[in-house]
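These are the residues of each chain, in order.
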Amino acid sequence: MGYRFDDLTTACRDDWRAYIEHDFVRGLGAGTLDRGAFRHYLQQDYLFLIHFARAFALAAYKSRSLADLRHAHEGLKAILDVELDLHVGYCRDWGISEDDLARLPEARATLAYTRYVLDTGNRGDLLDLHVALAPCLVGYGEIANWLSAQSFTQRGEANPFEAWIAMYESDDFQGAMRAELDWLDARLADVTPARFNELATIFRDATRLEIDFWQMGLDQRL
Ligand SMILES: Cc1ncc(CN)c(N)n1
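Residues numbered from 1 in each chain as written. Predicted model: local features only at pLDDT ≥ 70, side-chain atom pairs only at ≥ 80, totals over all residues.

1. Focus: the overall build of the chain
So, step 1. A count of helical and extended segments in the chain gives 11 helices and zero strands.
So, step 2. The order of helices and strands in the chain, counted from the N terminus, is α-α-α-α-α-α-α-α-α-α-α.
So, step 3. On C-alpha atoms alone, the chain measures out to a radius of gyration of 17 Å, which is about the 17 Å that the 2.2 N^0.38 rule sets for 222 residues.
So, step 4. The dimensions of the chain, computed from C-alpha atoms along their principal axes, are 45 × 40 × 30 Å.
So, step 5. A fraction of 84% describes how many contacts in the chain between residues 6 or more apart in sequence connect residues 24 or more apart. (Helix = DSSP H or I, 4+ residues; strand = E, 2+ residues; numbered from the N terminus. Rg over C-alpha atoms; globule rule 2.2 N^0.38 Å. Contact = placed C-beta atoms within 7 Å.)

Here's what the structure looks like:
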């Protein structure tokens, strides 16, 4: 029997739950997150998304088939045309201009996570790279779905972070997440146990770097 994406989350269950259910996420759902923490996160996430767009461009470069190239292109479009566009508009609503964003210093957590993914993609193959990208794309889709199932989550105008939750619940983002899941399920079906263990290490590292990113937001740390 082949592996599937769910085997990756099972292989690092505690880290995955710590990422999905982080206090930062709970604060977003309850609407109680410190606004300064959210602003800091939003600013760093702009830098993060630019490097992640570069990582999807690297996936395009590493693709050997038209299908893989199209898949990487769809991922790049989801970040550039859906997420970054919404993000820049969202930052504006929070009083952060594009000029402010262009001048931001990069926090250590942003640097560590984004460069880890780019380095993993550079030295590994296309599957290594997509596994390193998965906590980002699949994780935020799962977080939005988890939040909407929690009784503490406030929806609508009562929650200042409603637009953030809605962005990751949107058909565009959930569609990109499902396309990534399908791609990963198809590739993981053929890997050996030894190769799966290598990929599980990459997935766990990237998941831990996501946890550090939330914590960087909470601590408002550079
Ligand atoms: C840190 C981080 N991880 C994931 C995502 C969702 N693309 C994001 N915007 N920021």
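Back to the write-up after that little detour.
2. A short note on the site of the ligand
So, step 1. Inspection of the region around the ligand gives Asp45, Phe48, Leu49, Glu83, Cys136, Leu137, Tyr140, Glu210 and Phe213 as its neighbouring residues.
So, step 2. Looking at the shell around the ligand, the elements with two or more residues in it are helix H4 (35-62), helix H8 (126-148) and helix H11 (193-219).
So, step 3. Grouping the amino acids of the shell around the ligand by side-chain chemistry returns six nonpolar, no polar and three charged. (Near = placed C-beta within 6 Å. Nonpolar A, V, L, I, M, F, W, Y, C, P; charged D, E, K, R; others polar.)

3. Overview of the UniProt feature "domain: Thiaminase-2/PQQC" (unreviewed entry) in the chain
So, step 1. The UniProt record annotates "domain: Thiaminase-2/PQQC" (unreviewed entry) at residues 13-219.
So, step 2. In this annotation, residues 13-219 is assigned 82% helix and 0% strand; the end-to-end C-alpha distance for the span is 25 Å. (UniProt positions renumbered as here; feature names shortened; annotations may be inferred.)

4. Overview of unusual backbone geometry
So, step 1. Notably, Gln220 is not glycine yet its phi reads approximately 50 degrees, a positive angle.
So, step 2. Structurally, Gln220 is set in the segment after H11.

5. Some details on helix H10 (residues 171-188)
Because the α-helix completes a turn every 3.6 residues, residues three or four places apart line up on one side.
So, step 1. Over its 18 residues, H10 runs 25 Å from end to end, which matches the ideal 26 Å to within 8%, given 1.5 Å per residue.
So, step 2. Turning to H10, its buried residues are Phe173, Ala176, Met177, Glu180, Trp183, Leu184 and Leu188. For H10, the arc enclosing every buried residue in end-on projection is 125 degrees, short of the 170-degree limit, so these residues lie on one face. Seen from the open side of H10, the exposed residues pointing more than 90 degrees away from its buried face are Asp171, Arg178, Asp182 and Ala186.
So, step 3. Buried residues in H10 make contact with helix H1 (5-11), helix H5 (66-93), H8 and helix H9 (162-169). (Expected span 1.5 Å × (residues − 1). Buried ≥ 20, exposed ≤ 12 C-beta atoms within 10 Å, placed from the backbone. Arc of directions from axis to C-beta.)

6. So, the confidence of the model for the chain
Caution applies to low-pLDDT regions: their predicted coordinates should not be interpreted in detail.
So, step 1. Overall, the predicted model of the chain reaches an average pLDDT of 94, with 100% of residues at or above 70.
So, step 2. Of the two predicted TM-score estimates for the complex, the pTM is 0.93 and the ipTM is 0.98. (pLDDT = per-residue confidence, 0-100.)

7. As for helix H3 (residues 23-30)
So, step 1. Those residues of H3 not exposed but buried are Phe24, Val25, Leu28 and Gly29. Seen end-on, H3 carries its buried residues on one side only, within an arc spanning 140 degrees.
So, step 2. Next to the buried residues of H3 lie helix H2 (13-20), H8, H9 and H11.
So, step 3. Count one or two residues on from H3 and you reach Gly31, which has phi positive near 80 degrees.

8. What to know about the packing of H2 against H11
So, step 1. Look at H2 against H11: their axes get within 9 Å of each other, and the N-to-C directions meet at 30 degrees. Considering their axes alone, H2 and H11 lie roughly parallel with respect to each other. The way H2 lies across H11 gives a crossing that is left-handed. Note on element contacts: H11 touches H2 through Arg204, Thr207, Arg208, Glu210 and Ile211, opposite Asp15, Trp16, Ala18 and Tyr19.
So, step 2. Partitioning the contact of H2 with H11 into residue classes produces four nonpolar, one polar and four charged. (Axes fitted to C-alpha atoms, helices over the stretch in contact; angles between N-to-C directions. Parallel < 35°, antiparallel > 145°, perpendicular 65-115°, else oblique. Left-handed = near helix turned anticlockwise from the far one by under 90°.)

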